[in-house]
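# Structural overview for review
As a plain string of letters, each chain reads:
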Amino acid sequence: MLEESSQSPQRNEFRQALAEAKHIIVVAGAGLSAASDIPTFRDGGGMWRSLDSTSLATPEAFTANPSLVWQFYHYRRTKALLAHPNAAHDATAKLLIPAYLKKVAQQAKSFHLITQNVDGLSGLAFKATSQKLAGNSAKKVPTPKTSTLEMHGSVFAVQCTECGYSTENRSLAVCPSLAAADASFQNLQDAGTKHRDIPLEELPRCEKCGALARPGVVWFGEKPHHLDAINSLVYEADMILVIGTSSTVRPASTFAYRVKRHGGKVAVFNLEASTQDQQADYVFVGPCETILPSLFPEFD
Ligand code: NAD
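Residues numbered from 1 in each chain as written. Predicted model: local features only at pLDDT ≥ 70, side-chain atom pairs only at ≥ 80, totals over all residues. Heavy atoms only, no water.

## Some thoughts on the site of the ligand
Put simply, the rule reads: Proximity is defined per residue: if any heavy atom of the residue lies within 4 Å of a molecule or strand, that residue is considered near it. Throughout this description, a polar contact denotes any pair of N or O atoms lying within 3.5 Å of each other; where both atoms belong to protein, one of them has to be capable of donating a hydrogen while the other can accept it, and for residues adjacent in sequence the pair is counted only when both atoms sit in side chains. Charged residues are taken to be Asp, Glu, Lys and Arg, nonpolar residues to be Ala, Val, Leu, Ile, Met, Phe, Trp, Tyr, Cys and Pro, and polar residues to be all remaining types, Gly included.
Around the ligand lies a shell of 27 residues, among which Arg42, Gln116, Thr245, Ser246 and Asn270 are the nearest. Between the ligand and glycine 31, the relevant distance is 3.5 Å, taken from an oxygen atom to a main-chain nitrogen or oxygen of the residue. Here an oxygen atom of the ligand sits 2.6 Å away from a polar atom, N or O, in the side chain of threonine 245. Partitioned by chemical class, the residues of the shell around the ligand number 10 nonpolar, 12 polar and 5 charged.

## Some thoughts on the sheet that holds strand E8 (residues 166–168)
Inclusion rule: DSSP bridges decide pairing: two strands pair if at least two such bridges lie between them. The numbering of helices and of strands both runs from the N terminus, where a helix is a DSSP run of H or I of at least 4 residues and a strand a run of E of at least 2. For helices, the fitted axis covers only the stretch in contact; all axes are lines through C-alpha atoms, and the angles between them, taken along N-to-C directions, range from 0 to 180 degrees.
Strand order across the open sheet formed by 3 strands is E8-E7-E9, with antiparallel pairing between neighbours. Either end of the sheet is taken by a strand with one partner, and the two such strands are E8 and strand E9 (213–217). On average, each strand axis in the sheet is tilted by 40° relative to the strand beside it, whichever way the strands run. Taken together, the 4 bridges between strand E7 (residues 153–160) and E9 define a ladder with antiparallel strand orientation. Note on E9: the bridge partner recorded for glycine 153 is valine 217.

## Some remarks on the packing of aromatic side chains
What counts here: By convention, a stacked pair of Phe, Tyr or Trp rings (six-membered ring in the case of Trp) has centres within 6.5 Å and planes under 30 degrees apart, an edge-to-face pair has planes over 60 apart, and any other such pair is tilted. A simple rule labels every residue: compare its accessible area, found with a 1.4 Å probe on the protein chains alone, to the largest value its type can have, and call it buried under 20%, exposed over 50%, or partly exposed in between.
Tallying each qualifying case throughout the model produces 10 aromatic pairs. Taking the centre distance of 6.5 Å and the plane angle of 50° together, the rings of phenylalanine 14 and phenylalanine 296 count as tilted. Here the residue phenylalanine 14 occupies a position in helix H1 (residues 9–20), and phenylalanine 296 occupies one in the segment after helix H12 (288–295), the gap between them amounting to 282 residues. According to the relative accessible area criterion, phenylalanine 14 is buried, its value standing at 0%. Residue phenylalanine 296 is classed as buried on the basis of its relative accessible area, which comes to 1%.

Treat this as a map of the structure, not an account of what it does.
Quick look at the structure:
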């Protein structure tokens, strides 16, 4: 394991390994979006009012108190709606575009971004970067294969609890009662005792069947999206970049170990070192929004 800054000899070793890798995956977590002012769950930003965010991100919490959980997701949607992609999103978005990827990973046949984030910022960064490139047809390269997989869904998805119908909703509030409850909280800290009880019929409802809708995210204890495709990608990968995740939530926490076990390389990008880094070949400690762009000067 190497643990040094992005200016160290491991920078060259990492770049050499990336240049030789054929099937590259990224597993990203909340740290990727930290510089966009989206709170992570574990490093100090894990509270919403007086409540632990992880205790609200469960099916049991929603069943017990859908009004409270919707208010929590109203807050998270608002943060995501107001946020802009940061330099780490931009760097990973460029890796998804074959014309850029080929500059740093000449042997690459595939590159897939698997994100645990539900804020949609990787998608926005990809769209913006693709649009910039669209004018320059000479730079278009047909391969390698690339994709983004949002394994924990999206805060902008609204999903029926009965029929499963799901829609994307990027308006400021999914329904008027959520906007009103939020406005009444400006000066209150304790959501646990003082939250507003919104009647079930005033919470978001399914457009198709009228039943109660829920946020279209994957909660703790639920099955992630795209799991079969992700398992195939992890199986095939000969390099994984682990960006801004505490690697505590399964199955994403297992990907690096699985790539390593079949002989692939592991590169970790995190604000803090961790005991789990021992399995990594390269460890870049620091803000990913600074380190990632500094590793790829050819993207400027
Ligand atoms: P986490 O909160 O458990 O861990 C965040 C990790 O990011 C920590 O290891 C921290 O050291 C690191 N980090 C913080 N700032 C960083 C930076 N600037 N550069 C590099 N690393 C940085 O998040 P997780 O591992 O993604 O797992 C928690 C779960 O919470 C996931 O299931 C995810 O869906 C959900 N979540 C998503 C968002 C989002 O969509 N942005 C935000 C919070 C939580």
